[in-house]
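# Topology and contacts: notes
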Amino acid sequence: MSRRPAHLLLLIPLGACRGVQTSLDPAGAEAGHIFSLWTLMLWICGGMYLLVIAFLGWAIWRSRKPLGLSAKPITRTEDRRLEVALAGWAGVIVLGLSVLVAASFLVDRNLASAPAGAPLKIKVTGYQWWWRVEYQDGPVDRWFETANELHLPQGRTAEIELQSNDVIHSFWVPNLSGKTDLIPGRTNTLRLTPRRAGELRGTCAEFCGFQHAHMALDVTVESPQAFETWRARQIATPAPPSSPLTQQGLAIFQDQACSMCHRIAGTEARGRTGPDLTHLGSRKSIAAGSLPYSVGALAGWIANPKAVKPGTKMPTVGLSAAETNALVAYLDTLK
Ligand code: CUA
């Protein structure tokens, strides 16, 4: 390999410093605290590592003469200098560790501090392998549910209640905060205070079975106005289908197995086993980030879910091509 590609390879790790899923590009207050601690740890531990390597190099350089020729007994002055050097080294270690302990304590306190103002209440439940997301903010008639997506208003703290329906999962939006586990029979709470608008990606960070890697979450941080617009749309019941094709699609959804597991507000479909599909057509991806949202992807997913996501609990319903076409046309109206 020539020199240039070798240098380019060194750039690959730096690629992780920017992006929609990295803790090195904080977009929220909590991630900012964690990033400061990470940077401090990097400098202190990196500095100590370099010191150790420098001493090792010096020791090797000193002992380059063949053994035996310079085997003079250590003098009293040398002995004294060695003692001072060792005591100094121990002091540097104690100081470095003390700074790290104090910094971790302060960051922990910051992460646990109560938010200013009323937090936005959201409940997230982990399933094998998707996220149920319930906005439980304000009066009950303004509560609504979605799946595998999280919209957060910039500048307001969201208090997320984390529960699991089956096994241990871990909720992680690296640009916003650290990981928090979802443990069956227990409720954990995580606070997120997004500072910068943009699209982010969250993921499950605890191995939870076959499709653990396909358990992603689309996160959108937006201005409070844009968030209210999105929330109003999510609360609204979608208009009933107007064309014969989409009406046929709704009939298929209600009569076939779909409605046993999925809910669509304003219809007879009230299943609670799978994701709420009331506004499926407005989502960015399907099957918890397995495929980007499109009519074609949706048709492929319905036709053979296990081909896209082996092990998924979603069964193959066995619809004809025409039925799938009508069903997908209807689902795509659910904006
Ligand atoms: Cu859920 Cu890994």
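Residues numbered from 1 in each chain as written. Predicted model: local features only at pLDDT ≥ 70, side-chain atom pairs only at ≥ 80, totals over all residues. Heavy atoms only, no water.

This next bit is on the side chain of Thr267. In this structure, Thr267 sits in the loop between helix 6 (258-261) and strand 11 (285-286). With a relative accessible area of 12%, Thr267 lands in the buried category. A distance of 3.0 Å separates a polar side-chain atom of Thr267 from the backbone nitrogen of Ala269. Setting aside anything within four residues of it in sequence, one finds Thr267 in contact with Leu250, Gln254 and Tyr330. (Helix = DSSP H or I, 4+ residues; strand = E, 2+ residues; numbered from the N terminus. Buried < 20%, exposed > 50% of the residue type's maximum accessible area, 1.4 Å probe, protein only. Polar contact = N/O pair within 3.5 Å; in protein donor to acceptor, adjacent residues only side chain to side chain. Contact = heavy atoms within 4.5 Å.)

With that settled, consider the sheet that holds strand 8 (residues 188-192). Read across the sheet, five strands follow the order 3-2-1-5-8 without closing on themselves; strand pairing throughout is mixed. The sheet terminates laterally at strand 3 (144-147) and strand 8, the two strands that pair on one side only. Across the sheet, the mean angle separating the axes of adjacent strands is 25 degrees when strand polarity is ignored. The pairing of strand 5 (residues 158-164) with strand 8 spans five bridges and is antiparallel. Counterpart to Leu162 in the pairing with strand 8 is Asn188. (Pairing = 2+ DSSP bridges. Axes fitted to C-alpha atoms, helices over the stretch in contact; angles between N-to-C directions.)

Of the two faces of strand 3, the one lined by Phe144 and Thr146 and the one lined by Glu145 and Ala147 are each fully buried. Note: strand 2 (residues 130-135) against strand 3, four bridges, orientation antiparallel. When the bridges of strand 3 are listed, Tyr135 appears paired with Phe144.

Looking at the element boundaries, Cys204 is found in strand 9 (residues 198-204). Its relative accessible area of 4% is what places Cys204 among the buried residues. Here the alpha-carbon distance between Cys204 and Ile160, two residues 44 residues apart in the chain, equals 15 Å.

A separate point is the packing of helix 7 (residues 295-303) against helix 9 (residues 321-331). In the contact formed by helix 7 and helix 9, the axes pass within 10 Å of each other and the chain directions differ by 130 degrees. Accordingly, the angle class assigned to the pair helix 7 and helix 9 is oblique. As for the relative orientation of helix 7 and helix 9, their crossing is right-handed in sense. Counted together, Val295, Leu298, Ala299 and Ile302 of helix 7 and Thr324, Leu327, Val328 and Leu331 of helix 9 form the full contact between these two elements. Tallied by class, residues from the contact of helix 7 with helix 9 come to seven nonpolar, one polar and no charged. (Parallel < 35°, antiparallel > 145°, perpendicular 65-115°, else oblique. Left-handed = near helix turned anticlockwise from the far one by under 90°. Nonpolar A, V, L, I, M, F, W, Y, C, P; charged D, E, K, R; others polar.)

A contiguous nonpolar surface patch, about 540 Å² in accessible area, is contributed by Tyr49, Leu50, Ile53, Leu56 and Ile60. Position of Ile60 among the secondary structure elements: in helix 2 (residues 29-62). You can call Ile60 exposed: its relative accessible area is 55%. (Patch = residues over 30% accessible without salt bridge, like charges linked within 9 Å, V, L, I, M, F, W, Y side chains within 5 Å. Areas by Shrake-Rupley, 256 points an atom, 1.4 Å probe, with all protein chains shown as cover. Salt bridge = Lys/Arg side-chain N within 4 Å of Asp/Glu carboxyl O.)

Formed by 29 residues in total, the largest nonpolar core has its most connected members in Ile122, Trp131, Tyr135, Leu150, Leu152, Ile160 and Phe171. Contributions of two or more residues to this core are made by strand 1 (120-127), strand 2, strand 4 (149-153), strand 5, strand 8, strand 9, strand 10 (216-222) and helix 4 (224-235). Once residues lying within four places of it in the same chain are set aside, the contact partners of Ile160 are Ile122, Val124, Leu150, Phe171, Asn188, Thr189, Leu190 and Leu192. (Core = buried A, V, L, I, M, F, W, Y, C linked by side-chain atoms within 4.5 Å.)

This part is about unusual backbone geometry. Cis peptide bonds are those with omega within 30 degrees of zero, and the linkage from Gln128 to Trp129 qualifies with 0 degrees. By the element assignment, Trp129 lies in the loop between strand 1 and strand 2. At Ala288, a position not held by glycine, the phi torsion is positive, near 55 degrees. The exposure class assigned to Ala288 is buried, which follows from its relative accessible area of 2%.

For the structure on display, the rule yields zero disulfides. The thiol sulfur of Cys261 is not disulfide-bonded, and the nearest other cysteine sulfur, from Cys258, lies at 8.8 Å. (Disulfide = S-S within 2.5 Å.)

Turning our eyes to something else, we now look at helix 9. Buried within helix 9 are the following residues: Thr324, Ala326, Leu327, Val328, Tyr330 and Leu331. Against helix 5 (244-255), helix 6 and helix 7 lie the buried residues of helix 9.

Either a parallel or an antiparallel arrangement is found when strands of a sheet pair, and the pairing is made through backbone hydrogen bonds. Taken in spatial order, the five strands line up as 4-10-9-6-7 in an open sheet, and their pairing is mixed. At either margin of the open sheet sits one strand with a lone partner, and together these are strand 4 and strand 7 (180-182). In this sheet, neighbouring strand axes are inclined to one another by 25 degrees on average, regardless of whether the strands run parallel or antiparallel. Looking at chain direction, strand 4 and strand 10 are connected through five bridges and run parallel.

This part covers the confidence of the model for the protein chain. Overall, the prediction assigns the protein chain a mean pLDDT of 92, with 93% of residues at 70 or greater. When pLDDT is averaged over each element of the protein chain, strand 6 (residues 169-172) comes out on top at 98 and helix 1 (residues 3-11) at the bottom at 65. (pLDDT = per-residue confidence, 0-100.)

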